[in-house]
There are 2 protein chains.
Amino acid sequence: MEHLNKLIYVAPVAGVLALLFAAWRASWVKSQDPGTKEMTVIADRIQEGAMAFLKAEYQYLAVFVVIVAGALAAANLSGEGRSWWIAVSFVAGAAASGLAGFVGMRVATNANVRTTHAATKGLPQALAVAFNGGSVMGMTVVGLAILGLSGLYMLYTQTDVITPMDAHGNPALGWTPKLQTALSVITGFSMGASSIALFARVGGGIYTKAADVGADLVGKVEAGLPEDDPRNPAVIADNVGDNVGDVAGMGADLFESYVGAIVGAMVLGLSFPSVASEGIGMGPIILPLVIAGAGILCSIVGTFFVRTKEGGNPQIALDIGAFGAAGVMAVLTFVLAKLLWPATGTNGVTWYDVGIATVIGLGVGVAIGLVTSYYCSIGKGPVMGIAEQSKTGTATNIIAGLGLGMQSTAIPVILIAAGVVASAEVAGVYGVAIAALGMLSTTGIQLAVDAYGPIADNAGGIAEMSHQAPEVRERTDKLDAVGNTTAAIGKGFAIGSAAMTALALFAAFMQQAGITSIDISQPRVMAGIFLGGMLPYLFSSMAMNAVGEAAMEMIEEVRRQFREIEGLLEGKAAPDTARCVDISTKAALRRMLLPGAMAIVTPVVIGFVMGAEALGGLLAGVTVSGVLLALFMSNAGGAWDNAKKSFEGGGYKMKDGTVHEKGGEAHNAAVVGDTVGDPFKDTAGPSLNILVKLMSVVALVIAPLIAVTH
Amino acid sequence: MEHLNKLIYVAPVAGVLALLFAAWRASWVKSQDPGTKEMTVIADRIQEGAMAFLKAEYQYLAVFVVIVAGALAAANLSGEGRSWWIAVSFVAGAAASGLAGFVGMRVATNANVRTTHAATKGLPQALAVAFNGGSVMGMTVVGLAILGLSGLYMLYTQTDVITPMDAHGNPALGWTPKLQTALSVITGFSMGASSIALFARVGGGIYTKAADVGADLVGKVEAGLPEDDPRNPAVIADNVGDNVGDVAGMGADLFESYVGAIVGAMVLGLSFPSVASEGIGMGPIILPLVIAGAGILCSIVGTFFVRTKEGGNPQIALDIGAFGAAGVMAVLTFVLAKLLWPATGTNGVTWYDVGIATVIGLGVGVAIGLVTSYYCSIGKGPVMGIAEQSKTGTATNIIAGLGLGMQSTAIPVILIAAGVVASAEVAGVYGVAIAALGMLSTTGIQLAVDAYGPIADNAGGIAEMSHQAPEVRERTDKLDAVGNTTAAIGKGFAIGSAAMTALALFAAFMQQAGITSIDISQPRVMAGIFLGGMLPYLFSSMAMNAVGEAAMEMIEEVRRQFREIEGLLEGKAAPDTARCVDISTKAALRRMLLPGAMAIVTPVVIGFVMGAEALGGLLAGVTVSGVLLALFMSNAGGAWDNAKKSFEGGGYKMKDGTVHEKGGEAHNAAVVGDTVGDPFKDTAGPSLNILVKLMSVVALVIAPLIAVTH
């Protein structure tokens, strides 16, 4: 077996390949023609705004990372299985995710205007630019994640930088203490990734909706300007918001899930007796890295199949790439498991079981994405039901959307529950972690597809603002429409993977805290579940309030500019778009601190005050309640959005045969529904993914400390 | 100690006193002057409608009860701790709750018109009639509940009607098997009560909102009639709905909680070694009955303190009665515990601990009620925040309401979690059950206060329809306004007591199923929590859809009558109100079957297919998620309602000093919010209380069967 352990090099090699591929695609995108001066001026302002947000965000983050790293180092100076190197892992995780976000945003904001220009030539050209721009984000995320994780793993296990200690603080010799310490220290990387995700998703979510509401409510409703009109001071901030929320936010979210699933599986691999001997039977620990590496290779190959012809359907091209990569990956997993899985010392789990668990995860992930897409797609029953209910007014539209969102939780949760039971049936809790990893193995191309959406959206905005010919806007609209579907699938996928990752981290937490059961019938555990179940509600209300308050600041600024800048509405003077970007940036970052602090502090307090079991209850409660609320909010919001869109272009034909035009009463009711859904689907809902994972990873990181104090 | 066991007679005696008191008050109400012919015609139609609903409901129920009783008897023909008498308990529980609902509704619909007439004389007279009408419901519920429970307990333990069996089906001799079998068989009473609650709360909730929406949307909005106009065909159904939802529904809900808490505590009393000997140390088993009995006596005394003078505040009168009874009860509990609690064989739990647990429950119940009232009251921050957000339109009003509802879950859940931990700290899981009972001990007067609200509401409607002088409507409005506050407190209290009761039943379920721990780290348990957490969402969406569909039928009927009955809108012809009542009745009962079946079938399927531990996970998930969603929906709905009311009578003054009149844009936005909130607070929210308790009691009833098959 020992020589096969060399297969671990698949991980860093795949990581390097992913980064090279990303660099190649980035330079290709950059080499494309950005179009006219009018276009580049707009695109530059969007890019400047996006970079300004990132710069401000990273300033806050730097302070945060230094403080947390210091605390982590201090708390882990000595003790069994601990080392201050956990702070290094933490900083590395934060830096890797932050760098991926920076690169992804930079290239996405290069790609948007070039997509617009390519659309003047044809649909295939435009798709190529948009998708290649997205693939830079996808490959940078997985590349940096796997390179960081495999690098740290090799550093901690193959060198002597960390000194394992026993319970009395004396050096502990032998392979097992070294491996245990290494994996305990690696969890810091996952927490670093989660910290960035918190800022990117929560801060980004507040940013994007504050800008959106400001642009819509004053610009469109009060001043009567069309969408994306250059006279609207908040319109640049709105376009920046699409990148901040959907590129950087989604990227950091999946970075966190990806890393969490790998780390969770590696830590749980410790439970197999086979790993007690260095070099022999290390399969359970290194297989997660190798599977992730293979997934990257499949993703890279998959991107080459994403191409279309004029008049073709970009959706099919994207599906071939993503599903093709997933299919190949499913087969490849069995080969890798066969090669790497030890013959003995695996508690009865075979290579075949591990392969099955991966496929279960892949299947559940795809199925949740499809269900989400069904609930949120134009022309499908659920969205048509909401459009139909708009006939009797706003109230019935809202009630229908809320009811639909609640109903839409059922099948995904049944899928998750079935996935957990089935993967655990074949391979125990390790199976659950492997299933999570299976779901995430092709994140490279998944995220490329996700990031393609906002690039296409931005391209449409630039086409509008720079007064392009109608067929250009038609082509970008076609790309954008597909982007909305991929966004819906992506959101469902992000929630599903967050749930599975949280469960993997939960199992890893129990192992590290040294507890073998968390008994609901213990009042502390039940209290923990109650408190955990409540946190997503409180967190969501904070996020929605933050949007409301930040939007108010934006509204006042836009009104002020219309009032004070002479000639602005007549198109004779330029708006001060930078000031709107600045307001949204500051408001978003300031207002994410309270919910963010709650997510980090609660598990620490509950863990140390009420003990590891109560903390376990808290995690179970927050995971279940958070996943449900996220599904409810994301799907209701997505369905409201498309119910509104159903009225556009020719109107919506009700069951009774009447046609309701855009601008009619039914459409107006649907617009209100969409506005209610905005903070649901773009702020609170996605933020819950982070809450669930962040609390689990904080628990995992502090688990060894709790184990000692209780 | 033995002679003190005679204290159990406190329970049946208190039950008889409660019924005599109810009969006395009922005849007093009946003896009051119902007023003019015009008034009695309207009141008779409301009463007929209410009775028609009950009759139809009880026909469905009869079929349901026969089927379930048959299944229960067949499944419990033999086996350790089982007997077919459980079917008798079940029928008795259903009959008792059904009878209480019938009596309460009958008297409430007598009291409404007499309150109107009394309001022609003065406020104190009107309060007296309304409150005495409500107290009949309160005392009938607690009287029948305690009489049924104590009667069955004595029948099963003091006679030989049931023959205890051992695991092989042979007769089991001795006191312990007899007591165990008796308590196992008594759980059927709780399930019977839950079945009625399901029909009354879910069916009633659909009824009341279908009628309300039909009356409002066609009568008020389309035809421009004022509220409660006699020309509106659905207005009688609307007034019937208030009784069906808020009198019968709330009564059955609290009947279920009350019985569930007592049964849960009695079953958990089995865990104390002291009860192994008949006649000695039976305190843990009979104390719950005695505490409930004493609570009834306190409640009866409390009702005498509910009186006011002209120009006085009815709220203060109600508070004195309810809080006074609770305060006396807190003291009395210690006396009773001191008398009845065994000196040894109680696993270290002392009489003092039991007293503390009761007070914890009382305190948590009162605190949750007050928090709920804060979040839903006119003039308080949260409601004013929503009113403020109505300025910028419907969307911001809705978002503010949803955010507020989510935020409002925090403190009640912290209170419940603290209550669980604290009561378990002093007296184990038995302490949790006793805390639930403490919360519910003064249900007699609590429910009287709750049922007073809809009577006052109806009285106002009758005043309007029968064209009374303005000061009459002013007085009934004053009573009604107080009723809205008591309703908000009552809803919070109902949710809190449902949570605590469900936890008591959960603990009893574990004991009866013979499982000592439910380990979250078992994948089946985690899957159970996920599925359980999802059920309240699915259940709520079903309930809200049912309201939408039933309302559509009602809307079409009202439109048809306006179209086809000549002279109706001119007041020259009478509407066919009976037909509207009929439609609402049938629509409600038909549409509650699917969610109802789901609530009963799910625990059975999960229990037998996935085992007792998975079922335990399901119960934990449904309890936590159900309580959160119920708090969210009830509080959001209550706050929207009062935000709308803030604009009535002189308009609402915003922070910026502008006054927004009734009928203005801000008020219209608030009206939409209120309409969205209606199915939240009156259908889906309260129905979740039933879901949570019903699933727990079904689990408790089938627990001995699962214990054998797994």
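Residues numbered from 1 in each chain as written. Chains lettered and ligands numbered in written order. Predicted model: local features only at pLDDT ≥ 70, side-chain atom pairs only at ≥ 80, totals over all residues. Heavy atoms only, no water.

1. Structural notes on the confidence of the model for chain A
All names here are of chain A. On average, residues of chain A carry a pLDDT of 90, and 99% of them reach 70 or more. The spread of mean pLDDT over the elements of chain A runs between helix H16 (residues 577-591), the lowest at 87, and helix H1 (residues 10-31), the highest at 96. We note a pTM of 0.94 for the whole complex and an ipTM of 0.94 for its interfaces. (pLDDT = per-residue confidence, 0-100. Helix = DSSP H or I, 4+ residues; strand = E, 2+ residues; numbered from the N terminus.)

2. A look at the interface of chain B and chain A
Counting residues at the interface gives 62 residues for chain B and 63 residues for chain A. Contact between chain B and chain A buries roughly 5300 Å² in total, counting both sides, with carbon and sulfur atoms accounting for 85%. It is Met406, Phe530 and Tyr537 of chain B in chain B that bury the most area against chain A; as a group they hold 15% of the surface buried on that side. At the junction of chain B and chain A, the tally comes to zero salt bridges. Where chain B touches chain A, the interface holds five residue pairs in polar contact (both at pLDDT 80 or more). Within the residue set of the side of chain B that touches chain A, elements represented by two or more residues are helix H11 (394-407), helix H12 (410-440), helix H14 (470-513), helix H15 (523-564), helix H18 (612-645) and helix H19 (665-709) of chain B. Ranked by residues supplied to the side of chain B that touches chain A, first place goes to H15 of chain B with 17 residues. When its residues are assigned to classes, the side of chain B that touches chain A shows 42 nonpolar, 17 polar and three charged. (Contact = heavy atoms within 4.5 Å. Buried area = accessible area lost by both parts, 1.4 Å probe. Salt bridge = Lys/Arg side-chain N within 4 Å of Asp/Glu carboxyl O. Polar contact = N/O pair within 3.5 Å; in protein donor to acceptor, adjacent residues only side chain to side chain. Nonpolar A, V, L, I, M, F, W, Y, C, P; charged D, E, K, R; others polar.)

3. Things to note about the packing of helix H6 (residues 235-269) of chain B against helix H7 (residues 283-303) of chain B
Residues and elements named next belong to chain B. Orientation of H6 relative to H7, taken along the N-to-C sense of each, is 155°, at an axis distance of 6 Å. Regarding the angle of H6 to H7, the classification is roughly antiparallel. In this structure, H6 contributes Tyr258, Ile262, Ala265, Met266 and Gly269 to the contact, and H7 contributes Pro284, Ile285, Pro288, Leu289, Ala292 and Ile296. Along the lines of polarity and charge, the residues of the contact of H6 with H7 split into ten nonpolar, one polar and no charged. (Axes fitted to C-alpha atoms, helices over the stretch in contact; angles between N-to-C directions. Parallel < 35°, antiparallel > 145°, perpendicular 65-115°, else oblique.)

4. As for the side chain of Ser195 of chain B
Residues and elements named next belong to chain B. When you line up the elements, Ser195 lands in helix H5 (residues 175-222). Since its relative accessible area comes to 1%, Ser195 is described here as buried. Those residues in contact with Ser195 that sit more than four places away from it in its chain are Leu61, Phe64, Phe90 and Leu694. (Buried < 20%, exposed > 50% of the residue type's maximum accessible area, 1.4 Å probe, protein only.)

5. Focus on H14 of chain B
Counting along an α-helix, one turn takes 3.6 residues, and residues three or four places apart therefore face a common direction. Residues and elements named next belong to chain B. Over its 44 residues, H14 extends 61 Å from the first C-alpha to the last, a length consistent with the 64 Å expected when each residue adds 1.5 Å. In terms of burial, H14 is a largely internal element, 32 of the 44 residues being buried. Backbone geometry just downstream of H14 places Gly514 in the positive-phi region, at approximately 70°. (Expected span 1.5 Å × (residues − 1).)

6. A look at the relation of the copies chain B and chain A
Structural alignment of chain B on chain A gives an RMSD of 0.0 Å, achieved by rotating through 180° and translating 0.0 Å along the axis. Read as a symmetry element, the transformation amounts to a two-fold axis. When C-alpha positions in chain B are compared against the rotation axis, the closest is assigned to Asp519 of chain B, at 2.3 Å. Same-surface contact between copies: 100% of interface residues of chain B are shared with the interface of chain A. (Least-squares fit on C-alpha atoms with pLDDT ≥ 70 in both.)

7. A short note on the pattern of salt bridges
Here the structure, examined in full by the defined rule, presents 51 salt bridges over all chains. Close ionic contact of Asp212 of chain A with Lys209 of chain A constitutes a salt bridge, the shortest N to O distance being 2.9 Å. Note that Asp212 of chain A and Lys209 of chain A are positioned in helix H5 (residues 175-222) at a spacing of three residues, about one turn of the helix. As far as the burial class goes, Asp212 of chain A and Lys209 of chain A line up, both buried. With a closest N to O distance of 3.4 Å, Arg590 of chain B and Glu553 of chain B form a salt bridge. Of this pair, Arg590 of chain B sits in helix H16 (residues 577-591) while Glu553 of chain B sits in helix H15; the two residues are 37 residues apart in sequence, bridging distant segments of the chain. Using a relative accessible area of 42% as the deciding quantity, one classes Arg590 of chain B as partly exposed.

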